[in-house]
Amino acid sequence: ELHPSALGILFPSMEGKVTDIDMDRIRFPGPDVVKCYEIIAASIRRNHALERLTWSDNWIPSDELADLLIKSIIENRVIKRIWLENSFNQSGVNGCRALAALMTCGRPFDLLDFRGNGLSGIDDVAAALATNPQLERLLIRDNQLNDRDADLIAQALKQNTNLQELELDGNSITSNGFE
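Residues numbered from 1 in each chain as written. Predicted model: local features only at pLDDT ≥ 70, side-chain atom pairs only at ≥ 80, totals over all residues. Heavy atoms only, no water.

Novice: I'd like a description of the pattern of salt bridges, backed by residues and values.
Specialist: Counted under the stated rule, the structure contains 15 salt bridges. Measuring nitrogen to oxygen at the nearest pair gives 2.6 Å for the salt bridge that ties Asp123 to Arg148. Remark: Arg148 occurs in helix α6 (residues 147-157) and Asp123 occurs in helix α5 (residues 123-130); sequence separation between them is 25 residues. We classify Arg148 as partly exposed; its relative accessible area is 46%. When salt bridges with common partners are traced through the structure, they connect Asp24, Arg25 and Asp57 into a single cluster. (Salt bridge = Lys/Arg side-chain N within 4 Å of Asp/Glu carboxyl O. Helix = DSSP H or I, 4+ residues; strand = E, 2+ residues; numbered from the N terminus. Buried < 20%, exposed > 50% of the residue type's maximum accessible area, 1.4 Å probe, protein only.)

Here's what the structure looks like:
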């Protein structure tokens with residue numbers, strides 16, 4: 001469990017130095033969760049050495065805090081590889097909206113990994129993919145995607161020339177979804 005007092009020292013000291021942040025299975029104290037996210041988001045926004053962010057098995061408690069985190073990633077302008085795994089599916093936070101925001105922000109990304117987030121009904125994500133974002137790898141495996149989602153992705157890929165890798169395994173896509 002990380003408290004704001006520790007984050008307030010740790011994160012600013014990493015700015016401009018640390019290229020890779022891996023936040024895995026971190027819990028924030030309930031009454032201080034907003035303050036924790038504010039400290040982390042401010043530091044991500046300012047750390048122009050940061051190239052890779054892993055946020056894995058850290059349940060994001062609200063759409064507002066998800067927006068704060070995503071906005072800080074977008075404003076950073078340097079991060080190229082994002083792992084946001086198993087973070088959106090526990091509290092009803094809209095992972096599709098977060099992924100679509102990253103894909104349509106106009107920034108190039110080497111990798112967006114949104115595995116294990118309970119994604120389904122990905123109309124916004126497919127629409128974002130169709131805009132041909134500067135994205136090389138999209139990992140959306142181990143979600144709740146179905147045949148309709150697979151069809152939306154297939155239609156979007158007809159207009160996308162940048163995506164080089166797409167991982168869909170571990171979803172509820174049947175052989176019909178791959179036709």
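Novice: Just give me the short version of the packing of aromatic side chains, but keep the residues and values in it.
Specialist: Enumeration according to the criterion identifies 4 aromatic pairs in this entry. Aromatic pair Phe28 and Trp55: ring centres 6.1 Å apart, planes at 25°, arrangement stacked. Of this pair, Phe28 sits in the loop between β1 (20-24) and α2 (33-46) while Trp55 sits in strand β2 (residues 52-56); the two residues are 27 residues apart in sequence, bridging distant segments of the chain. Like Phe28, the residue Trp55 is buried in the burial classification. Where Phe88 meets Phe114, the ring centres are 5.6 Å apart and the plane angle is 10°; that geometry is what we call stacked. Taken as a pair, Phe88 in the loop between β3 (81-85) and α4 (95-103) and Phe114 in the loop between β4 (109-113) and α5 lie far apart in primary sequence, 26 residues in all. Under the relative-accessibility criterion, Phe114 is labelled buried at 0%. Feature note: the residues Phe28, Tyr37 and Trp55 constitute an aromatic cluster, connected by ring pairs. (Phe/Tyr/Trp six-rings, centres within 6.5 Å; stacked < 30°, edge-to-face > 60°.)

Novice: Please give an account of the pairing of β3 that cites residues and values.
Specialist: Extensive coverage of β3 is indicated by the burial of 4 of its 5 residues. Examined bridge by bridge, β2 and β3 share 5 bridges and lie parallel to one another. Of the residues in β3, the one forming a bridge with Ser56 is Glu85. Sheet topology note: the β3/β4 ladder contains 3 bridges and is parallel. Counterpart to Trp83 in the pairing with β4 is Asp113. With α4 bridging β3 and its parallel neighbour β4, the resulting β-α-β unit is right-handed. (Pairing = 2+ DSSP bridges. Right-handed = clockwise from strand over helix to strand, strands pointing away.)

Novice: Explain the packing of α4 against α5 to me, and be specific about the residues and the numbers.
Specialist: Where α4 meets α5, the axes come as close as 8 Å, and the angle between the chain directions of the two elements is 10°. One way to sum up the angle between α4 and α5 is to call them roughly parallel. Residues Cys96, Leu99, Ala100 and Met103 of α4 touch α5, and the partners they reach there are Asp124, Val125, Ala128 and Leu129. Grouping the amino acids of the contact of α4 with α5 by side-chain chemistry returns 7 nonpolar, no polar and 1 charged. (Axes fitted to C-alpha atoms, helices over the stretch in contact; angles between N-to-C directions. Parallel < 35°, antiparallel > 145°, perpendicular 65-115°, else oblique. Contact = heavy atoms within 4.5 Å. Nonpolar A, V, L, I, M, F, W, Y, C, P; charged D, E, K, R; others polar.)

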